[in-house]
Structure formats: C-alpha cells, structure tokens
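Chain by chain, the residues:
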Amino acid sequence: MIVSWNTTNQCNMFCEHCYREAGAKVKDELSTEEGKALLNEIKKAGFKIMIFSGGEPLLRPDIFELVEHAVGLGLRTVFGTNGTLITLDTARHFKALGVMGMGISLDSMDSEKHDRLRKMQGAWEGAVQGMKNCREAALPFQIHTTVMDWNQDEVLDITDFAVKMGAVAHHQFFLIPTGRGKDIEDEALKVEQYESLLTKIMRKQREVDIELKPTCAPQFMRIAKLDGMKLRFSRGCLAGTHYCIISPRGLVQPCAYLDQYIGNVREIPFSKIWAENKVFQNLRTLKYKDGCGICAFKFKCGGCRARAAIYHDGDYMAEDPWCLYRPSRYVCNNPL
C-alpha cells in the first residue's frame, strides 16, 4: 500500500497543472511533531511505501528529520520532487538516511517547453542536474512526466532519455483537470490519443529494462493483459483501496485528483480514517456503475475514479469516460 503526504504547499515553481495549486506555504501546515505522529499512524495502518511530496518537499527545513523517522519505522521512503534542489550533498544525505528513490519531474526533451509549464527558467537544467547528483550518490531515481497533447509525441523519447540517464523507471502522469489543471483542461489527451499512447507505452516496455507505468490511466492494465504482458502491478486505479494522499494541513483524500476531503488527521487518527471512512469503504466494494461496473477488467483496471467524479458531477463510482473498451460481452465475476 502507498501513501503520499504533501509535506508543504511551498514550492519554488508555479506549475500550470499543479493539483495542489502550490507556490506559497499555507497556514497551519503539519508541524514536525505532528508529521512524526502521522508517520506512526501510517505505519499502524499497514502502509509500506511512503511518498514525501509537495509543493516541493525539499523546501521543508525538517525534511531530513522526517525522513529519518519514516525510515526508522520501516517505511519504504521515496520522494516526488521537481529535482532542482537535489544537490550532491542532499542526494548523499538522503542515501545515507535510507531513502529508496527520488521521482523527478521532466515533461519534455525541449527545455523551453518544460520551463514554460513549470513557470521557472532553468527548471529543465535543474531537474537533469538533480538526476546526475542522484546517480553520483548511488541514489535510485525515476522520471515523472505529465502527459498532455503537446508532449505526447515525446513520451517515448523521454523513456529513452531515462534509460540513458540511469533512471530505474519512467512514470507517465496523464493530466487530470484539478487544481490549476482546470485551466488547461483542453490540453489533456482526447480518448483516442489516450488509448493510442497507452498502447505505445506498453509496447515500449517490451524494449526497455526500466519500469514504465502510466498513472491516472488504469486502462494500461487491460492493454497489457490483452497483449499477453505480465506486469508486477496488480491493479490500475488504487484510489481508496491501496492508496491515498494527505494534504499539508492533514486533510485526507482518496487520491490527489479526487477532490473529496474525507477526514483530518488532527481530528481523527489516520489509521482510523483509512479503516473506517465511508468513502474508502465504498471504493473498496468495486461496485462501479455502467461500463466500469460490468467490465471484465474492473478488478485489474478499475477505471479512473477521479475522472469519473469530474465528469459525472462528483460520482466517483461512475464509469470512466476516457475508456474505449466496449466488448460485445462483459464478464465481471471472473477477475482477469
């Protein structure tokens, strides 16, 4: 199970697609002691992978202290970062503390395009230097790419770049229109483009040794299955079943893009929210509606619950409107 904590809303960038609308630090972010208590609760709830994200998590002055606590609890500790603040000393410090990997954002092979999306000159160079520093420190890293209509033809080239740089994985995040992303919804891939790129990514996986994983695109599980591929992943959409996210102020959501705040860790212990919250319990029934509900791949895919909510007036159990799969016969009682 995976949990992501947006440790701060503060960021040195102002990315056009940011779901958290990061930039300035917000009032009442969890303190160091509250953060450690949260990590204890995350461990108690049975989570294995702890993602420190933001905003930009490296801007938190107590980040090393928090990481040390997480590692001490036995949590597999990783990061989601823009990479520009990863100096060689920082990379070595994280390596010594036991951090298992850094996820670094890179959205184009064209530095100007990347910098424009990130609203920061030098963002591309900073991210690549961060990768080099991780490599020098023997700290594993992977590349994260937000996929939109203007960079869809570059995605496989970024995979090749990831291989060249020594990354262990390339994860593609398909744009979901939440936060500032609402303002660029027209840049999201259309359904046919989405299906086509997922197919290309899965075919590319046969050619490279590093891991490729589309995110917010659970249909990749169906494409891989029908193509006879064996992946290590058991499910596409993990929202509320094997994953959730916590805001800088302690608000819990099923996923970063599903705008439903379902509890505050300052008021209810996180382990209790995870075990007992009705939204989580509903998501775990897998009782989806319409196409997703009767699809043979609902156990492997699950459809994107965030897109279901966005395009069905908040109904996160509705069908995912970005899926093209329409078999002549649905069979959902036999997991594929």
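In case you missed it, the structure is sitting above this.
Everything in this summary refers to the structure shown in the same document. (Residues numbered from 1 in each chain as written. Predicted model: local features only at pLDDT ≥ 70, side-chain atom pairs only at ≥ 80, totals over all residues. Heavy atoms only, no water.)

In terms of helices and strands, the protein carries 12 helices and nine strands. Compactness check: the protein gives a C-alpha radius of gyration of 19 Å against a globular reference of 20 Å for 336 residues, within 12% of the reference. Counting all 336 residues of the protein, 59% fall into the buried class. Counted over contacts in the protein with a minimum sequence separation of 6, partners at least 24 positions apart contribute 69%. (Helix = DSSP H or I, 4+ residues; strand = E, 2+ residues; numbered from the N terminus. Rg over C-alpha atoms; globule rule 2.2 N^0.38 Å. Buried < 20%, exposed > 50% of the residue type's maximum accessible area, 1.4 Å probe, protein only. Contact = heavy atoms within 4.5 Å.)

What follows concerns the side chain of H114. Within the secondary structure, H114 is located in helix α4 (residues 111-118). Excluding its chain neighbours within four sequence positions, the residues that come into contact with H114 are S105, L106, D107, S108, A123 and W124.

This brings us to helix α5 (residues 123-136). A rise of 1.5 Å per residue sets the reference length of α5, with its 14 residues, at 20 Å; its end C-alpha atoms lie 20 Å apart and thus fit the reference within 8%. Burial in α5 covers these residues: A123, W124, G126, A127, V128, G130, M131, N133 and C134. Among the structural elements, α3 (88-97), β4 (101-105), α4, β5 (141-147) and α6 (155-165) are those in contact with the buried residues of α5. Once α5 ends, the next one or two residues include A138, with phi positive near 60°. (Expected span 1.5 Å × (residues − 1).)

Before going further, it helps to spend a moment on the packing of aromatic side chains. The tally for this structure, following the rule as stated, stands at 13 aromatic pairs. Here the aromatic residues W5, F52, F64, F79 and F94 are joined through ring pairs into a cluster of three or more. For R284, the ring lying beneath its charged end belongs to W274, and the centroid distance is 4.3 Å. When the ring centre of Y288 is taken as reference, the NZ or CZ atom of R305 above it lies at 4.1 Å. (Phe/Tyr/Trp six-rings, centres within 6.5 Å; stacked < 30°, edge-to-face > 60°. Lys NZ or Arg CZ within 6 Å of the ring centre and 35° of its normal.)

Counting 94 residues, the largest nonpolar core has I42, F52, M102 and F270 as its most contacted members. Excluding residues that lie within four positions of it along the chain, I42 makes contacts with V3, F47, M50, L75, I246 and F270. (Core = buried A, V, L, I, M, F, W, Y, C linked by side-chain atoms within 4.5 Å.)

Below, the discussion takes up the sheet that holds strand β7 (residues 211-215). One open sheet accounts for nine strands, arranged β7-β6-β5-β4-β3-β2-β1-β8-β9; its pairing is mixed. Looking at strand neighbours, the two that pair on one side only are β7 and β9 (252-253), the edges of this open sheet. Pairing analysis gives five bridges linking strand β6 (residues 169-174) to β7, with the strands arranged parallel. Bridging from a neighbouring strand, A169 pairs with E211 of β7. (Pairing = 2+ DSSP bridges.)

The tally for this structure, following the rule as stated, stands at one cavity of 30 Å³ or more. By volume, the largest cavity amounts to about 140 Å³. Taken together, 16 residues form the lining of the largest cavity, with G291, C292, C295, C301 and C323 sitting closest to its centre. Split into classes, the residues belonging to the lining of the largest cavity amount to seven nonpolar, four polar and five charged. (1 Å grid on protein atoms, 1.4 Å probe; cavity = no way out; pocket = protein on both sides within 12 Å on 5 of 7 lines; lining within 4 Å. Points joined across faces, edges and corners; volume = space filled by probe spheres on them. Nonpolar A, V, L, I, M, F, W, Y, C, P; charged D, E, K, R; others polar.)

Running from amino to carboxyl end, α6 crosses helix α7 (residues 191-205) at an angle of 25°, the nearest separation of the two axes being 10 Å. Looking at the two axes, α6 sits roughly parallel to α7. Regarding α6 and α7, the two cross each other, and that crossing is right-handed. Note on element contacts: α7 touches α6 through L197, K200, I201 and K204, opposite V155, L156, T159 and D160. Split by residue class, the contact of α6 with α7 holds four nonpolar, one polar and three charged. (Axes fitted to C-alpha atoms, helices over the stretch in contact; angles between N-to-C directions. Parallel < 35°, antiparallel > 145°, perpendicular 65-115°, else oblique. Left-handed = near helix turned anticlockwise from the far one by under 90°.)

The next point concerns α4. Within α4, burial applies to H114, D115, L117 and R118. Looking down the long axis of α4, one finds its buried residues gathered within 160° of arc, a one-sided arrangement. Away from its buried face, by an angle of more than 90 degrees, α4 presents the exposed residues E112 and R116. One or two residues past the end of α4 sits K119, with phi positive at roughly 60°. (Arc of directions from axis to C-beta.)

Geometrically, a packed helix pair is captured by the angle between its two axes and the distance between the axes. One can describe the packing of α5 onto α6 by two numbers: an axis separation of 11 Å at closest approach and a directional angle of 35°. Of α6, the residues touching α5 (which contributes V128, M131, K132 and R135) are F161, K164 and M165. Counted by class, the contact of α5 with α6 contains four nonpolar, no polar and three charged residues.

A large share of β5 lies buried, amounting to seven of its seven residues. Burial along β5 is two-sided: the residues F141, I143, T145 and V147 and Q142, H144 and T146 are all buried. Sheet analysis places β4 next to β5, joined by four bridges and oriented parallel. Residue pairing in the sheet places S105 in a bridge with H144 of β5. For β5 and β6, the ladder comprises five bridges, and the chain directions are parallel. Within β6, the position partnered with H144 by the bridge is H171. After leaving β5, the chain enters α6 and then returns to the sheet as β6, a path that is right-handed. (Right-handed = clockwise from strand over helix to strand, strands pointing away.)

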